[in-house]
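The chain contents come next:
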Amino acid sequence: MYDIIPDIHGQAGKLRGALRNLGYSERRGAWRHSDPKRHAVFLGDFIDRGPDNREVIRIVRGMIEAGAASAVMGNHELNAIHFHTRDENGPLRAHSEKNMAQHASFLKEFPLGSSDAREAIAWMRTLPLFLEFDSFRTVHACWNEAGIQELKALTRNGVMSEDQLIKAADKRHALFELVETALKGPELQLPDGFFFVDKGGHERREVRRKWWDGKAVSWRDIAISVPNPEQLPDRELPDDVLTSAYPSDATPVFFGHYWMTGSPLLQAENALCLDYSAGLDGPVVTYHARPGQNSISLEHLRVH
C-alpha cells in the first residue's frame, strides 16, 4: 500500500503533519508506518521556497534509506544540481538574480560551495526521473510515453549519470528536451501573431500544455496557467497535438508541479495532480494507492 506525497518545498512542518496523519512516526532514525506494508512515494520538489530544506531532505532521505519510501526528482532538484555544478563555461544554471531568488531558501541553509551543499546535491543526483509500480506510475510533471521510453533506454532505471546530468543542461542535446518535459512539463508554441501576458506581466508565445487532456480540441482547452485564455487563438489544435495526449487506457499516473488551487479534482480518469501549493499557503494533498487498483478515485485522496 502506497502513500503518494507531492511537492513539499521546504515545508517540514507540513510534511511531518501529513506523515503523522497517515500513521507514520519517527522510529529507529526514520519515519516509518506501523504497517510495514505501507510505503511513501514522493513526487519531488523537496527544496526552495519554504524555510526547512535541510529537515525535509533529512526526513525524505532517511525514509528512502530505511526502505520506507521512494522518490522521483523534481525540477527544483534538477535546477539545484545544475546551479551547483560547473563546467569550463561556468555554472550549468546561471547565477542570475532570478535564479538566486528562486533558490534563496536552500542557499541560506546550504551555502554555495559548502560541504553540506555538496552532500545534498550528491544525494539529489541519485533520484530517478520516474517510477513505475504494479498498478500506477509517478513522475514530477509529465509522463510522455515516447519520451519516457527514450529515457529508459538512455538511463539506469531513470537515474542519470554525471555526464547525462551535464547534457541535460545543454539545449543542443536531445536529453535536454526529454528531461525538461518529464520534470517541467511540455510547452506548445502558439501560432504566429499570438501571445498571452502572464501573471508577471511578461509576454509569452508558448503555453504550458494539459498533456493529460485527450478531450482538448482548441488552444484555449489545452493551455494551463494562462490568466486570460481569451488571449489565445480560438482555433483547432494541430493533429500531432490532438493525438499525443496521455491515452485514456494507459496506467494511472500521479504527478505534482502545477500548483493547483481550490478543491482537488481529477485531471483525467487515469491522471491526477497532487500539488496544491503546499510550498506556499496550500495544503499537502496525498493519495492512498492499493495494489490492484487500476483506476483513480478521489475517495482515496486526503487533504492535510
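Below or above, wherever it landed, is the structure these notes cover. (Residues numbered from 1 in each chain as written. Predicted model: local features only at pLDDT ≥ 70, side-chain atom pairs only at ≥ 80, totals over all residues. Heavy atoms only, no water.)

Turning our attention to the pattern of salt bridges. Under the counting rule described, the total for this entry stands at 16 salt bridges. The salt bridge partner of Glu26 is Arg58, with a shortest N-O separation of 2.9 Å. Taken together, the residues span a long stretch of sequence, with Glu26 in strand E2 (residues 24-27) and Arg58 in helix H2 (residues 53-65) at a distance of 32 residues. The exposure class of Glu26 is partly exposed, given its relative accessible area of 39%. A salt bridge links Glu180 to Lys184; the nearest nitrogen and oxygen atoms lie 3.1 Å apart. In this pair, Glu180 and Lys184 are both assigned in helix H9 (residues 174-184), 4 residues apart and thus about one turn of the helix distant. For Glu180, a relative accessible area of 18% corresponds to the buried category. Several salt bridges share partner residues, and in doing so they unite Arg16, Glu26, Glu55 and Arg58 into one network. (Salt bridge = Lys/Arg side-chain N within 4 Å of Asp/Glu carboxyl O. Helix = DSSP H or I, 4+ residues; strand = E, 2+ residues; numbered from the N terminus. Buried < 20%, exposed > 50% of the residue type's maximum accessible area, 1.4 Å probe, protein only.)

Glancing now at the environment of Asp35. Assignment of secondary structure puts Asp35 in the loop between strand E3 (30-33) and strand E4 (39-42). Judged by relative accessible area, which is 26%, Asp35 ranks as partly exposed. The sequence separation of Asp35 and Tyr24 amounts to 11 residues, and the corresponding C-alpha distance is 8.9 Å.

Attention now goes to the layout of surface pockets. One water molecule sets the probe size; rolling that probe over the atoms shows where empty space is left. Roughly 1800 Å³ of internal volume is contained in the largest pocket. As for the largest pocket, its lining consists of 42 residues, of which Glu187, Asp198, Arg204, Arg208 and Ser225 are closest to the centre. Sorting the residues of the lining of the largest pocket by element identifies helix H3 (75-83), helix H4 (97-102), H9, strand E13 (206-209) and strand E14 (223-224) as the ones contributing at least two each. Top element by residues in the lining of the largest pocket is H9. It accounts for 5 residues. Grouping the constituent residues of the lining of the largest pocket by class yields 14 nonpolar, 12 polar and 16 charged. Reported here for the second largest pocket is a volume of approximately 320 Å³. Taken together, 22 residues form the lining of the second largest pocket, with Cys142, Asn144, Thr181, Pro186 and Arg209 sitting closest to its centre. Those elements that place two or more of their residues in the lining of the second largest pocket are helix H7 (145-154), H9 and strand E10 (187-189). (1 Å grid on protein atoms, 1.4 Å probe; cavity = no way out; pocket = protein on both sides within 12 Å on 5 of 7 lines; lining within 4 Å. Points joined across faces, edges and corners; volume = space filled by probe spheres on them. Nonpolar A, V, L, I, M, F, W, Y, C, P; charged D, E, K, R; others polar.)

Counted according to the given criterion, the structure contains 15 aromatic pairs. Ring geometry for Phe254 and Tyr287: centres 4.7 Å apart, planes at 40°, overall tilted. You can see Phe254 sitting in strand E15 (residues 253-255) and its partner Tyr287 sitting in strand E17 (residues 285-289), a full 33 residues away along the chain. Taken as a pair, Phe254 and Tyr287 share a single burial class, namely buried. Over the face of the ring belonging to Phe110 we find Arg54, whose NZ or CZ atom lies 4.5 Å from the ring centre. (Phe/Tyr/Trp six-rings, centres within 6.5 Å; stacked < 30°, edge-to-face > 60°. Lys NZ or Arg CZ within 6 Å of the ring centre and 35° of its normal.)

Inspection of the entire model under this criterion finds 2 cavities of 30 Å³ or more. Roughly 50 Å³ of volume is contained in the largest cavity. In this structure, the largest cavity is lined by Ser135, Phe136, Pro252, Phe254, Tyr287, Ala289, Arg290, Gln293, Ser295 and Ile296. Its residues assigned to classes, the lining of the largest cavity shows 6 nonpolar, 3 polar and 1 charged. Roughly 40 Å³ of volume is contained in the second largest cavity. In terms of lining, the second largest cavity is formed by Asp48, Asn79, Ala80, Phe83, Arg93, Asn99, Gln102 and His103. Mapped onto the lining of the second largest cavity, the elements with two or more residues apiece are H3 and H4. The residue makeup of the lining of the second largest cavity, split by class, is 2 nonpolar, 4 polar and 2 charged.

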